[in-house]
Amino acid sequence: MTGPLLEVRELARHFPVRAGLLGRSRQVLRAVDGVSFELQRGRTFGLVGESGCGKSTLGRAILRLHEPTSGRVLLDGVDITALDRAGLKRQRKHMQMIFQDPYASLSPRRTVDRILDEPLALHRFGDKAQRSRRVLELLDIVGLGPAARHRYPHEFSGGQRQRIGIARALAVEPKLIVADEAVSALDVSVQSQVLNLMADLQAEFGLSFVFISHDLAVVQHVSHVVGVMYLGKLVETAPVDRIYAMPAHPYTRALLDAVPVADPTRRDKRLVLSGEVPSPLDPPPGCPFHTRCPRAMPVCSSRVPRTIDIGENGRPHRVSCHLHDPDIGI
Amino acid sequence: MSLPTADMNPGADGRLQPVRKPANHSLWGRAVARFAADRAAMVGLAIVAVFFVVALGVWLGWWGGNWAETTGGQWQPPSSEHWFGTTILGQDIFARAVFSTRTAFEIGLVVAIASTLLGALFGALSGYFAQTPVDAVILWLKGVLDSIPFYLFVAAIAFALDGNPWAMHIAMIATFWTTTARLVRGEVMKLKNLEFVEAARAMGLHPLVIIFRHIVPNTFHILLVQATIVFVAAIKSEVILSFLGLGVTDSVSWGLMIAESTTEVIAGHYMNFIAASSFLFALVMGFNLFSDGLQDALDPRRPGR
Amino acid sequence: MSEALLQVDRLSVDFATEAGTVRAVDDVSFSIRPGRTLGIVGESGCGKSVTSLALMGLLPRPAGRIATGSVRLGGVELTSLDERALRRLRGAELSMIFQEPMTALNPVYTIGAQIGAVLRRHERLSRRAARTRAIEMLERVGIPLPTRRIDEYPHELSGGMRQRAMIAMALSCRPKLLIADEPTTALDVTTQAQVLDQIAELQQELGTAVILVTHDLGVVAETCDDALVMYCGQVVEQAPTRVLFETPRHRYTEGLIAAIPKVRPQRLARLPVIPGTVPELAELPRGCRFAARCGFADETCISRQPALETLGRSRVACFHPAGEQAPSA
């Protein structure tokens, strides 16, 4: 098996929104609007953006937790978007999710044992004794003792719950895990423990991650390739070292500038973006970022920028910005 | 880098044992502890328990079995033999009031359990499938049932079933489930957006499994409180219906006793009325205290998680 | 050195929980001078938010109460004031902004009505004068079209705008002290940068002292003059921000700074971690509260509690503080 594990092609997810009196005027919220990327085996695709940019919706659309409006998702060559219910259920064991809120993501009235056994039983992982051994193994993998299995989620701390959530996702031996803000709710000291755990799991099981986060530093730490989202579109995608060293899109640059640095000697810099993200119900014409872009040109408000590959040595670096379009010129 | 810890992970978290939370380790355990600390609730529970024992005794034939027999003279005043005196037919009023406790519990339990089950089922379905045809049908049914005046509805069912003793039960169940369903629907709509439900979907579970295994258990606190409220409502309705001649026919109940007493009171005989209404008052009071305490104990928003 | 504006002395706060009474804030002392910014930093449950609520006299009743200690604002002892006197001070002398402006603003009143109410109460302004001042404040916190925004309801504003409105409200009576509890945690990074800049700018203009409560060391590094690190209800280290980051003394501070993922030129294979988890307040160890997670802990640390002592330009509660070597990471 060669080729990428995950291919996302022109994926879109639109929500109809009713507005006005009696909900008569219908609008469309383009939460995800034509996103394409691919992810190699054993790699992590980091997805960053501000709240409302559609990154969580994209993650759920990939897993078909949200039904995509159009576009395709190929997992190991299988078109996820074309599957019927039974086919989708079979594919579910290959793709799992880790959630943000360690308090809301585990059924509060079920013991850890039952939480972990459920996916195993559903996807027919052996008989009862085998499944029971597997549950212990999973607890061990995520660094929890066997005593944990008879406890309820509320008896654990946030970091420990997140480990249980990871164990649940791992239970069915998936190839792909979508992690949606998986460490955002954790304290720094616990966050680093969980991030290291995820790195270990990737090394050990060859997992691929789509790692969704608003935290650029965390994304840099875990990702191999990073995609930056703005108003439902990927505006820049590049290998991690490149995107942090030479961000090509003005939005990426602004995001990087805005991250507070734990170093009081560096208070200078900072290109503070003006304004706020426009409503995705009414995105600006042309380039979606032109209303806040410090380098906007007249063409930006009228024409949607093409996606251009400015990568070197066969490592793609795609950016959707007129500044890099040789046909537009600066 | 002087930190010695960089490679102690993931075992660094140390074969993690659960964070020890003091005492009661289940969610119910904590609710019980809170309930036990609530004095009014415990009084309510004691009253309900006494009544339950009384009803149980009637079922088991320990007492009250002689409610229909003539054991004394007409309209005897309270005595050591007849604690509440006797009726016009010479029946022991105390025995009748005791036997009526069984009638009340029967009606309360049947109606509470059935309407809670119905309410949970329909509420969960319409909440999970909100804004779909399933929801629309259930809401429509609920709207129709809610719009029929209760007593008219009972009379209609009693008439349609031609004197069937279950007419009253059926009418109450058919009307009482709607409130439970409305509460459950709201809670389910909230719960279904939580991540553990998404996790269940991501696993590939069937929607009905998700609803009844993952979501409904989290509405138990609502169901329990709602069941106690319906229980009280059923007992009170029974009294009124029996009083109107629409309820119990082949047995005795507090409602029938009060109906009988209407003519007696004019003649100066109050015991039938006093017995029935004080039993009713005590049980309803006890149940309300119990139900309020339950609600407080189960409220997930209470501080001290 | 000018006189301290706020002087907190040996403040302790008790909380009644189902597991019994716990000491959420234990013997905390610090002071802040006019116009300065003090960062209180720590992980969840370390007592930083409880400290700020105690300063405001806003501890949830009846569960929380100040057990011992004194809080003096410009010479006035706050702990002995009654609720009425405290209400007169809040909003006028000291005010507070919260993490989630949506819950801190009342959804049924317009922004203008809420800012106006504060001004009319504390400065006895007329309705019209209050409105003018409110518009002026909104403009100063960088809200575009303030004359229109003033008549909008909280839900009509975005998260960043709501937080600005909160700041406008908090600063409308020119308080001497502003307590900001995680003011940017709910905001996106680009908005966070805007809001932090705005607070700093207004602070300069009005000479307000700011206490910034946060879990984010990056925010502390960028905005605070001094910093206070809390762990399990106690102050473990206190230093000027620069000193704290250059030479962290407490092993917890050191670990915390190392554990933050940073945007850095070279990707690290593994993040340094602090092992274990924060102990429950109900079952604290006898000795140093960090000992179980500390790689340098010995017998002394397990049996005795370290006191805050001066070391260089820092004050640190540790038996084995980190040395003078260059900062790592």
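This one's a predicted model, so the numbers in the text were calculated from it and none came from an experiment.

Reading the values: rules and limits
- Throughout, a residue's number is its position along its own chain's written sequence, starting from 1.
- Whichever chain is written first is A, and whichever ligand is written first is 1; the rest continue in order.
- Under the rules for a predicted model, residues below a pLDDT of 70 receive no local features and side-chain atom pairs below 80 are neither given nor counted, while totals for whole chains, interfaces and linings still include all residues.
- Two strands make a pair as long as DSSP finds a minimum of two bridges between them.
- Segments assigned H or I by DSSP are reported as helices when at least four residues long, segments assigned E as strands when at least two residues long, and all are numbered from the N terminus.
- Working convention: axes come from line fits to C-alpha atoms, limited for helices to the stretch in contact. Angles between N-to-C directions cover 0 to 180 degrees.
- Contact between two residues is assigned whenever their backbone-derived C-beta positions fall within 7 Å.
- Exposure is read from a count of other C-beta atoms within 10 Å of each residue's own; the residue is exposed at 12 or fewer, buried at 20 or more and partly exposed in between. C-beta atoms are placed from the backbone.
- Residue polarity follows a fixed list, in which Ala, Val, Leu, Ile, Met, Phe, Trp, Tyr, Cys and Pro are nonpolar, Asp, Glu, Lys and Arg are charged, and the others, Gly among them, are polar.
- Each domain's limits were defined by an automated method or a database of domain assignments.

Asker: What exactly am I supposed to notice about the sheet that holds strand β8 (residues 208–213) of chain A here?
Answerer: Paired through their backbone hydrogen bonds, the strands of a sheet run either parallel or antiparallel. All names here are of chain A. Read from one edge to the other, the open sheet built from eight strands follows the order β6-β7-β8-β3-β9-β10-β12-β11, with strand pairing classed as mixed. Of all the strands in the sheet, the pair left with one neighbour each is β6 (95–98) and β11 (307–309). Averaged over all neighbouring strand pairs, the angle between strand axes comes to 20°, with direction disregarded. Examined bridge by bridge, strand β3 (residues 44–48) and strand β9 (residues 225–230) share four bridges and lie parallel to one another. Bridging across to β9, G46 finds its partner in V226. Lying over the sheet, helix α1 (residues 55–62) contacts β3, β7 (176–180), β8 and β9, oriented at roughly 155° with respect to β8. Docked against the sheet, helix α9 (residues 250–258) engages β9 and β10 (233–239), running at close to 100° with respect to β9.

Asker: Is there a simple way to think about the environment of P175 of chain C in this case?
Answerer: All names here are of chain C. Secondary-structure assignment places P175 in the loop between α7 (159–171) and β7 (177–181). P175 gets classed as buried once you count the C-beta atoms within 10 Å, which come to 21. Here the alpha-carbon distance between P175 and A4, two residues 171 residues apart in the chain, equals 15 Å. Setting aside chain neighbours within four positions, we find P175 in contact with A92, E93, L94, S95 and T208.

Asker: Just checking my understanding: could you explain the environment of G64 of chain C for this structure?
Answerer: Residue and element names in this part refer to chain C. Assignment of secondary structure puts G64 in strand β4 (residues 64–73). Separated by 44 residues in the primary sequence, G64 and V108 have C-alpha atoms spaced 29 Å apart. Residues in contact with G64, not counting those within four places in the same chain, are V13, F15, V50 and L59.

Asker: Honestly, the interface of chain C and chain A in this entry has me stumped. Any pointers?
Answerer: Accessible area lost during the coming together of the parts is what is often quoted as the interface size. Chain C puts 38 residues into the contact, and the matching count from chain A is 37 residues. Elements supplying a minimum of two residues to the side of chain C that touches chain A: α8 (189–206), α9 (217–223), α10 (241–246) and α11 (251–259) of chain C. Ranked by residues supplied to the side of chain C that touches chain A, first place goes to α8 of chain C with seven residues. In terms of residue class, the side of chain C that touches chain A is built from 17 nonpolar, 12 polar and nine charged.

Asker: I tried to follow the domain arrangement of chain C on my own but got confused; where do I start?
Answerer: Residues and elements named next belong to chain C. In terms of domain boundaries, chain C breaks down into domain 1 (6–231) and domain 2 (248–261 + 271–316). Distance between the C-alpha centres of domain 1 and domain 2: 29 Å. The interface of domain 1 with domain 2 comprises nine residues on the first partner and 11 residues on the second. For the side of domain 1 that touches domain 2, the elements supplying multiple residues, two or more each, are β2 (20–32) and β9 (226–231). Tallied by class, the residues present in the side of domain 1 that touches domain 2 amount to six nonpolar, two polar and one charged.

Asker: What exactly am I supposed to notice about the sheet that holds β4 of chain C here?
Answerer: Residue and element names in this part refer to chain C. The sheet built from four strands is open, its strands ordered β2-β1-β4-β5 with antiparallel pairing. Strands with a single pairing partner mark the edges of an open sheet, and in this sheet they are β2 and β5 (76–77). Bridge count for strand β1 (residues 6–17) against β4 is eight bridges, and the pairing is antiparallel. Bridging across to β4, V8 finds its partner in V71. On the sheet, helix α1 (residues 48–56) packs against β1, β2 and β4 and is oriented at approximately 70° with respect to β2.

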